[in-house]
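Listed below are the residues making up each chain.
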Amino acid sequence: MEFRNLTPFPALCFSALDVAETEHKVIVMKVAYRLRPLAHAGFYQAEVIDDEPPELTFEDTFWGEMNQSSESTESDLAPYKPKCDVLLHGSAHAPGGKPAQRVGVRLRILAGPADGRPASSPADIGA
């Protein structure tokens, strides 16, 4: 098999063995998005970053000491990944700048039309 990447995104083809020792070809491609605010307060349009796409990550990286802090980036070289990863890097600040033991944060992913209208079926991921 010849693998040719005709996209602006980094991609790699490699072989992996399953539990029965059967070899499979795995193709990994990394595509990133930036969020652009829409006229609707709190809504954003995902825009593909194709001018400076991120490089593939070949090993996990951590915010601090390895395996003692949270991961900042997971390796892209997973031989089987049935779903998409969504990684959000950001900061949360207590309302009014006052000290707080907990501050609620939420990432809300809306599956909606490509024209930027708000969707009606959210998938909520909250902390």
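Look above for the structure.
Small disclaimer: the values here were computed from a predicted structure and weren't measured.

Undergrad: Looking at this model, I keep getting lost on the side chain of S72. Mind explaining?
TA: Along the chain, the position of S72 falls in strand β6 (residues 71-73). For S72, a relative accessible area of 12% gives the class buried. The contacts of S72, once residues within four sequence positions are left out, are T61, F62, W63 and H89.

Undergrad: Even after reading the chapter, I still don't get the environment of A16, so can you show me in this structure?
TA: Checked against the element boundaries, A16 lands in strand β1 (residues 11-17). On the basis of relative accessibility, which here comes to 14%, the residue A16 falls in the buried class.

Undergrad: Looking at this structure, how should I read a negative patch on the surface?
TA: On the surface, E59, D60, E71 and E74 cluster together into a negatively charged patch. Relative to the helices and strands, E74 is located in the loop between β6 and β7 (106-110). Taking the relative accessible area as the measure of exposure, E74 reaches 33% and is therefore partly exposed.

Undergrad: It is not clear to me how the nonpolar core should be interpreted in this structure. Could you clarify?
TA: In terms of nonpolar packing, the biggest core is built from five residues, these being F14, A16, V26, V28 and L56. At the level of elements, β1 and β2 (23-29) are the ones that each hand at least two residues to this core. In contact with A16, other than residues within four places in its own chain, are T22, E23, H24, V26 and P79.

Undergrad: Please explain the environment of E74 as it appears in this structure.
TA: Separated by 17 residues in sequence, E74 and T57 have C-alpha atoms that sit 7.1 Å apart. Ignoring sequence-local partners within four residues, the contact set of E74 consists of T57, D60 and D85.

Undergrad: For this particular structure, what's the right way to read a nonpolar patch on the surface?
TA: Residues M29, V31, Y33 and V48 make up a contiguous nonpolar surface patch of roughly 340 Å² in combined accessible area. Along the chain, M29 turns up in strand β2.

Undergrad: So what exactly am I meant to see when it comes to the pattern of salt bridges here?
TA: Between side chains of opposite charge, a pair can form as their charged atoms come close. The final tally for this structure, using the stated rule, is four salt bridges. Of the charged contacts in the structure, one is a salt bridge between R34 and D51, with a shortest N-O distance of 3.6 Å. Placement of the pair is R34 in strand β3 (residues 33-37) and D51 in the loop between β4 (44-48) and β5 (61-62), with a sequence separation of 17 residues. Note on D51: relative accessible area 56%, which makes it exposed. For E47, the salt bridge goes to R36, with nearest N and O atoms at 3.3 Å. Taken together, the residues span a long stretch of sequence, with E47 in strand β4 and R36 in strand β3 at a distance of 11 residues. Judged by its relative accessible area of 31%, E47 falls in the partly exposed class. Taken together, the shared-partner salt bridges connect R34, R36, E47 and D51 into one network.

Undergrad: Would you explain the side chain of K30 in this entry?
TA: If you trace the backbone, K30 turns up in the loop between β2 and β3. A relative accessible area of 18% places K30 in the buried class. Polar contacts involving the side chain of K30 include one to the main-chain carbonyl oxygen of E55, which spans 3.3 Å.

Definitions and limits used
- Residues numbered from 1 in each chain as written.
- Predicted model: local features only at pLDDT ≥ 70, side-chain atom pairs only at ≥ 80, totals over all residues.
- Heavy atoms only, no water.
- Helix = DSSP H or I, 4+ residues; strand = E, 2+ residues; numbered from the N terminus.
- Buried < 20%, exposed > 50% of the residue type's maximum accessible area, 1.4 Å probe, protein only.
- Contact = heavy atoms within 4.5 Å.
- Patch = residues over 30% accessible without salt bridge, like charges linked within 9 Å, V, L, I, M, F, W, Y side chains within 5 Å.
- Areas by Shrake-Rupley, 256 points an atom, 1.4 Å probe, with all protein chains shown as cover.
- Salt bridge = Lys/Arg side-chain N within 4 Å of Asp/Glu carboxyl O.
- Lys, Arg positive; Asp, Glu negative; His and termini not counted.
- Charge placed at Lys NZ, Arg CZ, Asp CG, Glu CD.
- Core = buried A, V, L, I, M, F, W, Y, C linked by side-chain atoms within 4.5 Å.
- Polar contact = N/O pair within 3.5 Å; in protein donor to acceptor, adjacent residues only side chain to side chain.

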